[in-house]
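Examination of the molecular architecture
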Amino acid sequence: MTEALIVIDVQNDFCPGGDLPVTGGDQVVAPINALMDRFDTVVLTQDWHPADHSSFAANHPGAQAFTEIAMPYGPQTLWPAHCVQGTKGAEFHAGLRTDPAQLILRKGFRAAVDSYSAFFENDKTTPTGLEFYLRGRGITRLTLVGLATDYCVAFSALDARALGFDVTVLPQACRAIDLAGSLARQMQAMADAGVVFG
Ligand code: VGL
Ligand code: ZN
């Protein structure tokens with residue numbers, strides 16, 4: 001009863017054929033579906049951007065995707081437009097089980113701030129409310145899976161550790177973007193923060 005499965009961003013745009021495809025992104029669906037029955041609490045997160053979102057390269061004339069810009073809250077990677085609210089790309093992968101989830105948490109819905117983490121927006125201060133939902137239900141141990149290992153999964157895992165949760169990441173149920181060594185860097189950061197890999 002003190003454990004939750006947190007399924008990060010298993011959405012069409014992060015799967016092959018999507019607008020920000022993660023290699024093998026669709027391969028996480030079967031293992032995640034199988035895991036759901038082992039948890040009393042299942043939370044799904046959904047990257048949920050307005051079309052004018054500041055993380056989209058197309059909203060910065062002359063800028064290229066996969067480069068960095070300075071935002072008031074710090075450096076921000078620019079991405080191809082993805083997970084736009086109400087589009088097919090923002091929907092969960094059609095094979096993902098959603099019935100076992102008690103909470104679907106949307107994030108990244110404010111144009112001015114991205115939100116990789118399920119706990120805080122990229123300004124590192126604006127809470128999504130997930131911490132309070134989990135604490136309110138007496139949950140202390142989290143298992144994280146989904147997309148992408150080195151962005152939304154890692155940022156969520158690191159924030160969860162900083163908040164005092166016990167955190168396990170299951171790499172076989174995650175896939176990475178791996179931009180400029182980000183996967184190795186974030187795996188190390190998670191290990192250093194006390195994340196357990198299952
Ligand atoms: C993600 C980049 C931009 C993710 C979301 O889910 O890892 N990555 N938006
Ligand atoms: Zn996004």
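Residues numbered from 1 in each chain as written. Chains lettered and ligands numbered in written order. Predicted model: local features only at pLDDT ≥ 70, side-chain atom pairs only at ≥ 80, totals over all residues. Heavy atoms only, no water.

Attention shifts here to the coordination of the zinc ion (ligand 2). All of the protein donors around the zinc ion (ligand 2) are Asp47 (OD), His49 (NE2) and His82 (NE2); their distances to the metal are 2.0 to 2.2 Å. For the zinc ion (ligand 2), the four donor atoms are set out with angles of 88 to 170° between them, so the coordination reads as irregular. The motif formed by the donor residues of the zinc ion (ligand 2), counted along the single chain, is D-x1-H-x32-H. (Donors = N, O, S within 2.8 Å, 3.2 Å for Na, K, Ca; no water. Tetrahedral: all angles 85-135°; square planar, octahedral: opposite > 155°, others 65-115°.)

Secondary-structure assignment places Glu121 in the loop between strand E5 (103-107) and helix H2 (130-136). In this structure Glu121 comes out as buried when scored by relative accessible area, which is 6%. Excluding residues within four positions of it along the chain, Glu121 makes contact with Phe109, Arg110, Val113, Asp114, Ser115 and Thr126. (Helix = DSSP H or I, 4+ residues; strand = E, 2+ residues; numbered from the N terminus. Buried < 20%, exposed > 50% of the residue type's maximum accessible area, 1.4 Å probe, protein only. Contact = heavy atoms within 4.5 Å.)

Summarising the sheet, strand E3 (residues 68-71) and strand E4 (residues 74-77) pair through four bridges and their orientation is antiparallel. Bridge pairing links Met71 to Gly74 in E4. Between E3 and E4, which pair antiparallel in sequence order, lie two residues. (Pairing = 2+ DSSP bridges.)

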